[in-house]
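Remarks on the overall topology
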Amino acid sequence: MSDDPEEERRLMFGMLFSLKEVVARFSPTGSDNLHVMKTSNFILHHFQSLTGFVFVINTKADVPDLYANLQHIYSNIFIEYVAKNPLYHFNGEDPIDNPLFATKVEEYLMSLPVP
Amino acid sequence: MATYYQLFIINRNGGLVYSKSLAPTAPALSTNDSLRLGSTFHGLHAIAQQIAPIVSGGIERLETETFILQCFQTLTGVKFVVTAAPGTPDLDALLRGIYEVYSDYVLKNPFYEVDMPIRCDLFHRFLDKQIERHRSLSTNKRRSL
């Protein structure tokens, strides 16, 4: 879609940040807990952990809410393979360079009964 | 119970032309806040179209833990946005109904300047009627389910 993946990442980050602010403003309780953003052709599923990690999946329009799945990826895969990895140094800058994590996530996503 | 929280109408340039609180539980927004929210949403609507992995329109619906937001964009770029409690059905039917009232009592009003804030008396009256109608339709539907 976009010729520049770096640009796409920046746009996505900026959009999510503003979107969460807007959600917090619209919400009757002030919570910025976004589950799903739908357009005519695709759906963006979103989950944020209490520690601030944000998990996002873009899917086709016919996929139901994947919030619980994102939660599973966080608690069962991310925590197990990344956070509990003694060699993992969180400095907020580097992307997660953990091949086992990548494999596990892919396995899990493939196993979902989703088109 | 169909609970609507707020209604916003945003013009083609992102400016807010109308906002209305539809429930006492809706967050209280000052005029400034509503204006800012209107333009921010207009911008995000466009960005969503850009970051889409495939060709797509802008934001149609946001679902969060505490509310749903539905947006209907007309062919001329006017956006009708409504927020409601989670599980409220038929929001797009509501927005289309509001669009009808808008076309009839705002656009056809010879004294109305396009893209300016709406101050048409008949619009306010018929809008309230339209919202009430949809509210009771949705509530009755839920009860019969």
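Above this text you will find the structure in question.
Thresholds, definitions, all that
In this numbering scheme, every chain counts its residues from 1 along its sequence in written order. Just so you know, chain letters begin at A and ligand numbers begin at 1, following the order they were written in. The predicted origin of the model limits local features to residues at a pLDDT of at least 70 and limits the giving and counting of side-chain atom pairs to 80 or more, whereas totals for whole chains, interfaces and linings rest on all residues. To get the side-chain values, take all heavy atoms of the structure and skip hydrogens and water. Salt bridges are identified by distance alone: a Lys or Arg side-chain nitrogen within 4 Å of an Asp or Glu carboxyl oxygen. Numbering of helices and strands runs from the N terminus; a helix is a DSSP stretch of H or I covering at least four residues, while a strand is a stretch of E covering at least two. Burial classes follow relative accessibility: with a 1.4 Å probe on protein chains only, a residue under 20% of its type's maximum area counts as buried, one over 50% as exposed, and anything between as partly exposed. At least two bridges found by DSSP between two strands is the condition for calling them paired. Helix axes are fitted only over the stretch in contact, all axes being lines through C-alpha atoms; the angle between N-to-C directions runs from 0 to 180 degrees. By definition, residues are in contact when any of their heavy atoms lie within 4.5 Å. What a helix is expected to span follows from its residue count: subtract one and scale by 1.5 Å. When two parts are put together, the accessible area they lose, computed with a 1.4 Å probe and summed over both, is reported as buried area. Pairs of N or O atoms within 3.5 Å make up the polar contacts considered here, provided that, within protein, one atom can donate a hydrogen while the other can accept it, and that residues adjacent in sequence are counted only when both atoms are side-chain atoms. In this classification, Asp, Glu, Lys and Arg are treated as charged, Ala, Val, Leu, Ile, Met, Phe, Trp, Tyr, Cys and Pro as nonpolar, and every other residue, Gly included, as polar.

Residue and element names in this part refer to chain A. A full pass over the atoms with the stated rule returns 12 salt bridges over all chains. A salt bridge links K20 to D32; its shortest N-O distance comes to 4.0 Å. Note that K20 is positioned in helix α1 (residues 5-26) and D32 in the loop between α1 and β1 (34-39), a separation of 12 residues in sequence. Overall, the relative accessible area of 13% leaves K20 in the buried class.

A few words on the sheet that holds strand β5 (residues 79-84) of chain B. Taken in spatial order, the 8 strands of this open sheet run β3(A)-β2(A)-β1(A)-β3(B)-β4(B)-β5(B)-β1(B)-β2(B), and their pairing is antiparallel. Each having just a single partner strand, β3 (54-60) of chain A together with β2 (16-21) of chain B make up the two edges of the open sheet. Strand-to-strand twist across the sheet, computed as the mean angle between neighbouring axes with direction ignored, equals 10 degrees. Of the pairings in the sheet, the one linking strand β1 (residues 4-10) of chain B to β2 of chain B comprises 5 bridges and is antiparallel in character. Pairing of I10 of chain B across the sheet is with L16 of chain B, part of β2 of chain B. Here helix α2 (residues 67-83) of chain A sits on the sheet and contacts β1, β2 (42-48) and β3 of chain A; the angle it forms with β2 of chain A, its principal contact strand, is near 45 degrees.

Moving on, we get to helix α2 (residues 91-107) of chain B. The first and last C-alpha atoms of α2 of chain B sit 22 Å apart over 17 residues, in line with the 24 Å expected at 1.5 Å per residue. Along α2 of chain B, the positions that sit buried rather than exposed are L91, L94, L95, G97, I98, V101, Y102, S103 and V106 of chain B.

The next subject is the interface of chain B and chain A. With 32 residues of chain B at the interface, the matching set in chain A holds 27 residues. Between chain B and chain A, a total of about 2,800 Å² is buried, with carbon and sulfur atoms accounting for 70% of that surface. Summed over the shared surface of chain B and chain A, the number is 2 salt bridges. Notably, a salt bridge pairs D33 of chain B with R25 of chain A, separated by 3.1 Å at the nearest N-O pair. Summed over the shared surface of chain B and chain A, the number is 11 residue pairs in polar contact (both at pLDDT 80 or more). Sorting the residues of the side of chain B that touches chain A by element identifies β1, α1 (31-51) and β3 (59-64) of chain B as the ones contributing at least two each. It is α1 of chain B that contributes the most residues to the side of chain B that touches chain A, 8 residues altogether. In terms of residue class, the side of chain B that touches chain A is made up of 17 nonpolar, 10 polar and 5 charged.

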